[in-house]
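Residue strings, one per chain:
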Amino acid sequence: MIFIPIEFMFAAQMMFLFIYVVRNDDTTNKNKPFLLLILLSSVQSFLLGLRWGYDVEATSYLVPILATLVPALVYAGVLNVVERDRWPMAQRLAVYYFPTVLVVGLTLFWREAVDIVVVITFLSYAVVILRLLLPGTDALRVTPLDGADSTYRAIFFAALSLLSFALIDTILFLSFLWEHVEHVPSVILFANFAALVMLGLAATLASNSKSPPESAQPRRIDEEELSGSATIQRIEELMNDDNVYRDANLNLERLARKALIPSRQISQAINRSAGMNVSQYVNGYRIAEACDLLQETRRSVTDIMFDVGFQTKSNFNREFRRVTGMTPQAWRSKYTQDCVEGQPTTMPSHAS
């Protein structure tokens, strides 16, 4: 009977996942580093299958080298949803590929230090990513506000997976150091399944997490400091008069361009005055209009969802429940019943 390592089956699943995401996402704003992460996960799993299923020793030289690309791809993908990458090419190459080049050199001249460098690389990237996420969803300045929460969770999940990689690599390093290798294949199987699944899921969630670039040239942001109240007043004008919340691709950076106010200042003003992040603030306006449309029309919930700026039903339902405490269908039913009974229906505030 032909023996097929379970790593091969997982590699095939990741390859099918990569093909599915590419073929079913026809947008031009794909997050390529996260897509490459799925592909790299498949390659790594295949190599591990060769090593521990067929005892191909040569793969043990290649696996650590490829492993250093994992945190680099995660970091590159995170930068794509946190801010536009304005780094010079030389700096990007230095940040992304220096650990890989270092491991290649150590593999040739000081192999004992390879595992230590890999662990340090994973830990370093994880810490940097978690620091980028400290402002919450407002850190995702170029991510559509509609999907900011799910993208934030996916990136946080990816950072935790990097930490798990570092922990597992440390366990394996100590196992070889102390010559307790009998359980190494089981540990590697668990690591391959758990850590790569986490990275694959995170990559899938964040594969289309960027707004498309604006066709017009960005306008110069006025650097003059505004008070918090003036900032809020300007944002409310854009929401109430221009209905900018209906833009499904609206993100913090785009909102800053329209307001001519730095994005950090907008985030701080909304956090202080409304006690919520920018995504929740904007979605509050969307839900308020959705409530009006549910009450005043018999249009489908899906049509209303798209009209007010949401792109996915899951995000719409979650935000609707957060603001109103019920589902859109329940809200419409309650309003109809109140109309029949002659009772007024109280509209939720956008800041609820």
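Residues numbered from 1 in each chain as written. Predicted model: local features only at pLDDT ≥ 70, side-chain atom pairs only at ≥ 80, totals over all residues. Heavy atoms only, no water.

### A short note on unusual backbone geometry
Going by this rule: Only DSSP runs of H or I with at least four residues qualify as helices, and only runs of E with at least two residues qualify as strands; both kinds are numbered from the N terminus onward. Partly exposed residues are those whose accessible area sits between 20% and 50% of the maximum for their type, while under 20% is buried and over 50% is exposed, using a 1.4 Å probe and protein chains only.
Unusually for a residue other than glycine, Asp55 sits at a positive phi of about 55°. On the secondary structure map, Asp55 appears in the loop between helix H2 (32-54) and helix H3 (59-67). For Asp55, a relative accessible area of 56% corresponds to the exposed category. Even without glycine at this site, Leu260 takes up a positive phi of about 60°.

### Considering the side chain of Ser60
In plain terms, the rule: In protein, a polar contact means a hydrogen-donor-capable atom and an acceptor-capable atom, both N or O and within 3.5 Å, with residues adjacent in sequence counting only if both atoms are side-chain atoms; elsewhere, any N or O pair within 3.5 Å suffices. Pairs of residues are marked as contacts when any of their non-hydrogen atoms sit within 4.5 Å.
Along the chain, Ser60 falls in helix H3. Separated by 2.6 Å, the side chain of Ser60 and the backbone oxygen of Glu57 make a polar contact. Polar side-chain contacts of Ser60 include one of 2.9 Å to the side chain of Arg111. Among residues more than four places away in sequence, those in contact with Ser60 are Arg51 and Arg111.

### Comments concerning the packing of H3 against helix H4 (residues 69-82)
When two helices pack together, their arrangement is given by the angle between the helix axes and the distance between those axes. Counted only if it meets this: For helices, the fitted line uses only the C-alpha atoms of the stretch in contact; every axis is such a line through C-alpha atoms, and the angle between N-to-C directions lies from 0 to 180 degrees. Convention used here: angles under 35 degrees read as roughly parallel, angles over 145 as roughly antiparallel, angles from 65 to 115 as roughly perpendicular, and any remaining angle as oblique. Residue type decides the class: Asp, Glu, Lys and Arg count as charged, Ala, Val, Leu, Ile, Met, Phe, Trp, Tyr, Cys and Pro as nonpolar, and the leftover types, Gly among them, as polar.
One way to put it is that H3 packs onto H4 with a least axis distance of 5 Å and a crossing angle of 20°. Classified by the angle between their axes, H3 and H4 sit roughly parallel to one another. Contact residues: H3 offers Ile65, Leu66 and Ala67, while H4 offers Leu69, Val70 and Pro71. For the contact of H3 with H4, the per-class residue count stands at six nonpolar, no polar and no charged.

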